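These are the residues of each chain, in order.
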Amino acid sequence: MPEYEFVDVYVPRGVSRKEATRLLTDHAEYGHWELDRLRINRDGSRRVRLRRRIIRQVRATW
């Protein structure tokens, strides 16, 4: 079963949808993050949970 690490990103309500998209795209492109969960609050702010897979290196036994 794969292991993931998570990061929570808070996007305030004053940030436009286009800017939020650009922010999340940068995280995905340069940090190899993918969207796990998006929550839009009543005040318009967004809480985003991103995840990326942890790849464990297996030690070679010769």
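What counts, and at which threshold
Residues numbered from 1 in each chain as written. Predicted model: local features only at pLDDT ≥ 70, side-chain atom pairs only at ≥ 80, totals over all residues. Heavy atoms only, no water. Helix = DSSP H or I, 4+ residues; strand = E, 2+ residues; numbered from the N terminus. Contact = heavy atoms within 4.5 Å. Buried < 20%, exposed > 50% of the residue type's maximum accessible area, 1.4 Å probe, protein only. Pairing = 2+ DSSP bridges. Core = buried A, V, L, I, M, F, W, Y, C linked by side-chain atoms within 4.5 Å. Phe/Tyr/Trp six-rings, centres within 6.5 Å; stacked < 30°, edge-to-face > 60°. Lys NZ or Arg CZ within 6 Å of the ring centre and 35° of its normal. Patch = residues over 30% accessible without salt bridge, like charges linked within 9 Å, V, L, I, M, F, W, Y side chains within 5 Å. Areas by Shrake-Rupley, 256 points an atom, 1.4 Å probe, with all protein chains shown as cover. Salt bridge = Lys/Arg side-chain N within 4 Å of Asp/Glu carboxyl O.

A. Here's a closer look at the environment of Arg-49. Here Arg-49 lies in strand E3 (residues 46-54). Counting along the chain gives 43 residues from Arg-49 to Phe-6, while the straight-line C-alpha distance between them is 6.7 Å. Arg-49 has contacts with Phe-6, Val-7, Asp-8, Glu-34, Leu-35, Asp-36 and Arg-37, leaving out every residue within four places of it along the chain.

B. Structural detail: unusual backbone geometry. Although it is not a glycine, His-32 adopts a positive phi angle of roughly 60 degrees. As for its placement among the helices and strands, His-32 is situated in the loop between helix H1 (17-31) and strand E2 (34-40).

C. Local environment of the pairing of E2. The buried fraction of E2 amounts to zero of the seven residues, a small share that puts the element mostly on the outside. Sheet topology places E2 next to E3; six bridges connect them, and they run antiparallel. Each bridged residue has a counterpart across the sheet, and for Arg-37 the counterpart in E3 is Arg-49. Where E2 hands over to E3, the hairpin turn is made up of five residues, of which Gly-44 adopts a positive phi near 100 degrees.

D. Structural context of the nonpolar core. Val-9, Val-11, Ala-20, Trp-33, Val-48 and Leu-50 form the largest nonpolar core, which has six residues in total. Looking at this core, the elements with two or more residues in it are strand E1 (3-11) and E3. Those residues in contact with Val-11 that sit more than four places away from it in its chain are Ala-20, Leu-23, Ser-45, Arg-46 and Val-48.

E. Representation of the packing of aromatic side chains. Scanning the model with the defined rule gives zero aromatic pairs in all. A cation sits over an aromatic face here: Arg-51 above Tyr-4, 4.2 Å from the ring centre.

F. Structural detail: a nonpolar patch on the surface. Together, Leu-35, Leu-38 and Ile-40 make up a nonpolar patch on the protein surface, roughly 310 Å² of accessible area in all. Its place among the elements puts Leu-38 in strand E2. Among the residues examined, Leu-38 registers a relative accessible area of 45% and is labelled partly exposed.

G. Just the pattern of salt bridges, in detail. Using the criterion set out here, one finds five salt bridges in the structure. Residue Asp-8 pairs with Arg-49 through a salt bridge whose shortest N-O separation is 3.1 Å. One end of the pair, Asp-8, is in strand E1; the other, Arg-49, is in strand E3, with 41 residues separating them in the sequence. On the basis of relative accessibility, which here comes to 55%, the residue Asp-8 falls in the exposed class. Classification of Arg-49 by relative accessible area gives partly exposed; the value is 30%. One salt-bridge network, held together by shared partners, links Glu-34, Asp-36 and Arg-51.

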